[in-house]
Amino acid sequence: MSTILNRILIIVFAIIFLISGGLILRYFLASRQVEQQYDRLAQQFHQAEKKEKSRTSEDEILPQYKELLTQNSDLVGWISIEGTGIDYPVVQAKDNEKYLHHAFDRSESAHGCIFADASCDVTKPSDNIILYGHHMKDGSMFAILDQYKKESFWQEHPVIRFDSLYRQGQYEVMAVFTESVNTGGSGEFRYYDFTDAENEKEFQDFVHGCIERSIYTTGVWAEPGDELLTLSTCEYTKSNGRMVVVARRILEGETELEDR
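Heads up: these notes are all about the structure in this document. Note that the structure is a prediction, hence the values are computed from the model and not measured. (Residues numbered from 1 in each chain as written. Predicted model: local features only at pLDDT ≥ 70, side-chain atom pairs only at ≥ 80, totals over all residues. Heavy atoms only, no water.)

## Some words on the pairing of strand β6 (residues 170-180)
Thought 1: Of all the eleven residues making up β6, nine are buried; the element is thus mostly covered by neighbouring parts of the structure.
Thought 2: Here strand β5 (residues 159-164) runs beside β6; their pairing, made up of three bridges, is antiparallel. Bridge pairing links Arg-161 to Gln-170 in β6.
Thought 3: What sits between β5 and β6 in their antiparallel hairpin is a turn of five residues.
Thought 4: Note: β6 against strand β8 (residues 241-249), nine bridges, orientation antiparallel. Among the inter-strand pairings, Glu-179 is bridged to a residue of β8, identified as Arg-242. (Buried < 20%, exposed > 50% of the residue type's maximum accessible area, 1.4 Å probe, protein only. Helix = DSSP H or I, 4+ residues; strand = E, 2+ residues; numbered from the N terminus. Pairing = 2+ DSSP bridges.)

Next up, the structure:
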């Protein structure tokens, strides 16, 4: 009887092993496919960017976006952080659900796509442009943002590049913090609700809230009229946690990370 039971257990464990192995292989292949897709897009983008093409007007779309727009008309810009692997197109839909589960080519994907909050005006632009991306276990999308918890990582990667369709921009990291969202509590810092300030006080309150929660001091401050960029991804040390990096656009004539 025990021999039969042992054989049954061996068969059961073998089936479990095969199923688990199949799921791991499936995830690996899906991750590899997504990586190749975004690598191709990045190569296409940067090759087009290097070509010397002048615009006749500031209202004209930057040349490097024209081909990408034929692939996805939801494209609104590009984000990159040198040396981190973040080098992705940014899209925007009428809601914040679509690109949680769809890649740039609009195919269903667990990796999704980096996307701007539906309430933001990327072109105008809004006072604060919020970008979301998944924290993928394979390290893709916005997973690397978790490294900003370390001050040394910020020191090595203090500048974020975010370009809209019409202009290029560099942003210096102002604050890094984690936050539990959708708690319903009065103490929750609803950074994801701030896109356009109704007045100067609202802008200053948001900046103060970010810096007050920052894991370390960057020495960067923002005043009303400055343009902000907020990157948000999942964070797993808190219930429904988010990892948040807020940056201020570097103005023309300013040096990066000048003392403030």
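## A short note on the layout of surface pockets
Thought 1: Counted as a void, the largest pocket has a volume near 330 Å³.
Thought 2: Lining the largest pocket are 16 residues, with Leu-100, Phe-115, Tyr-132, Ser-232 and Arg-242 sitting closest to its centre.
Thought 3: By residue number, the principal contributor to the lining of the largest pocket is strand β7 (residues 228-235), which donates three residues.
Thought 4: Of the residues that constitute the lining of the largest pocket, the class distribution is seven nonpolar, six polar and three charged. (1 Å grid on protein atoms, 1.4 Å probe; cavity = no way out; pocket = protein on both sides within 12 Å on 5 of 7 lines; lining within 4 Å. Points joined across faces, edges and corners; volume = space filled by probe spheres on them. Nonpolar A, V, L, I, M, F, W, Y, C, P; charged D, E, K, R; others polar.)

## Some thoughts on the side chain of Asp-226
Thought 1: Take Asp-226: it is sitting in the loop between α4 (200-213) and β7.
Thought 2: A polar contact of 2.7 Å, which involves the side chain of Asp-226, links it to the backbone nitrogen of Glu-223.
Thought 3: Separated by 3.1 Å, the side chains of Asp-226 and Arg-248 make a polar contact. (Polar contact = N/O pair within 3.5 Å; in protein donor to acceptor, adjacent residues only side chain to side chain.)

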